[in-house]
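Fold and contact review
Each chain, written out:
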Amino acid sequence: YNKRPTVITVDETTLIIKHLFIPTVILLSEIKEITCAPYVHVHGRYHSEQRIKLTILTKDDEYSYNASVNTDSILTNALEDKDTDIPLIRLYRLLKERTCLTD
């Protein structure tokens, strides 16, 4: 299992997704629907993880991205009044704001 980083940038009009040095450009005006939801929970010996999936639907295509979130650290941070940053959720909120799509 090899991890291949994906670099995502957003400006006022475009979403650029670069994976394996190949950029995909999506105009924000072409995005029809954005969803973000958990889809599997994995329990390990010393920690547990939740997988979340971000799906972007355009008029021509569908793009899906996922991330793993350590649920133990989220609970620990919540108990210590620390903010928890999850980049995929931050991207979801930014895209919802920029595209003016609501739930």
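Let us look at the structure shown here.

1. Considerations on the pairing of strand E6 (residues 62-70)
Bridge count for strand E5 (residues 48-58) against E6 is nine bridges, and the pairing is antiparallel. In the sheet register, Leu-54 faces E6, and the bridge partner there is Tyr-65. Connecting E5 to the antiparallel partner E6 that follows it, the hairpin turn spans three residues.

2. Observations concerning a negative patch on the surface
On the surface, Glu-33, Asp-60, Asp-61 and Glu-62 cluster together into a patch of negative charge. Along the chain, Glu-33 turns up in strand E4 (residues 31-43). What makes Glu-33 partly exposed here is its relative accessible area of 39%.

3. Observations regarding the nonpolar core
Where a protein is soluble and globular, its nonpolar side chains tend to be buried together. Ranked by size, the top nonpolar core spans 17 residues in total, and within it Leu-15, Ile-26, Ile-31, Ile-34, Leu-54, Ile-56 and Leu-95 carry the most contacts. Every element with two or more residues in this core is listed here: strand E2 (14-19), E4, E5, E6 and helix H2 (87-99). When residues in this core are grouped by element, the largest group, four residues, is from H2. In this view, Leu-54 contacts Ile-34, Thr-35, Cys-36, Tyr-63, Ser-64, Tyr-65, Leu-88, Leu-91 and Tyr-92; residues no more than four positions away in its chain are not counted.

4. Description of the sheet that holds E6
Spatial strand order, E4-E5-E6: three strands in an open sheet with antiparallel pairing. Both outer strands of the open sheet, E4 and E6, are each paired with one neighbouring strand and no more. The mean inter-strand angle of the sheet, taken between neighbouring strand axes irrespective of direction, is 20 degrees. This element, helix H1 (residues 71-79), spans E4, E5 and E6 of the sheet and lies at about 65 degrees to E6.

Conventions we followed
Position labels on residues start from 1 in each chain and follow its written sequence. Where totals are concerned, whole chains, interfaces and linings use all residues; where local detail is concerned, this predicted model gives features only for residues with pLDDT of at least 70, and gives and counts side-chain atom pairs only at 80 or more. Note: side-chain values were computed over all heavy atoms of the structure, leaving out hydrogens and water. When DSSP finds at least two bridges between two strands, those strands are taken to pair. Secondary structure elements are taken from DSSP: a helix is a run of H or I of four residues or more, a strand is a run of E of two residues or more, and numbering for both begins at the N terminus. Patches here: salt-bridge-free residues with over 30% relative accessible area, like charges joined within 9 Å, nonpolar side chains (Val, Leu, Ile, Met, Phe, Trp, Tyr) joined within 5 Å. Each accessible area is a Shrake-Rupley result for a 1.4 Å probe, and residues are judged covered by the shown protein chains and nothing else. Note on definitions: salt bridges are taken to be side-chain nitrogens of Lys or Arg within 4 Å of carboxyl oxygens of Asp or Glu. Counting rule for charge: Lys and Arg are taken as positive, Asp and Glu as negative, and neither His nor the chain ends is counted. Charged groups are reduced to one reference atom each: NZ for lysine, CZ for arginine, CG for aspartic acid, CD for glutamic acid. Only protein chains enter the accessibility calculation, which uses a 1.4 Å probe; a residue whose area is less than 20% of its type maximum is buried, one above 50% is exposed, and one in between is partly exposed. Here, nonpolar core means buried Ala, Val, Leu, Ile, Met, Phe, Trp, Tyr and Cys residues that are tied together by side-chain atoms lying within 4.5 Å of each other. Any two residues having at least one pair of non-hydrogen atoms within 4.5 Å are treated as being in contact. To get an axis, a line is fitted to the C-alpha atoms, and for a helix only the part in contact is used. The angle between two axes follows their N-to-C directions and goes from 0 to 180 degrees.

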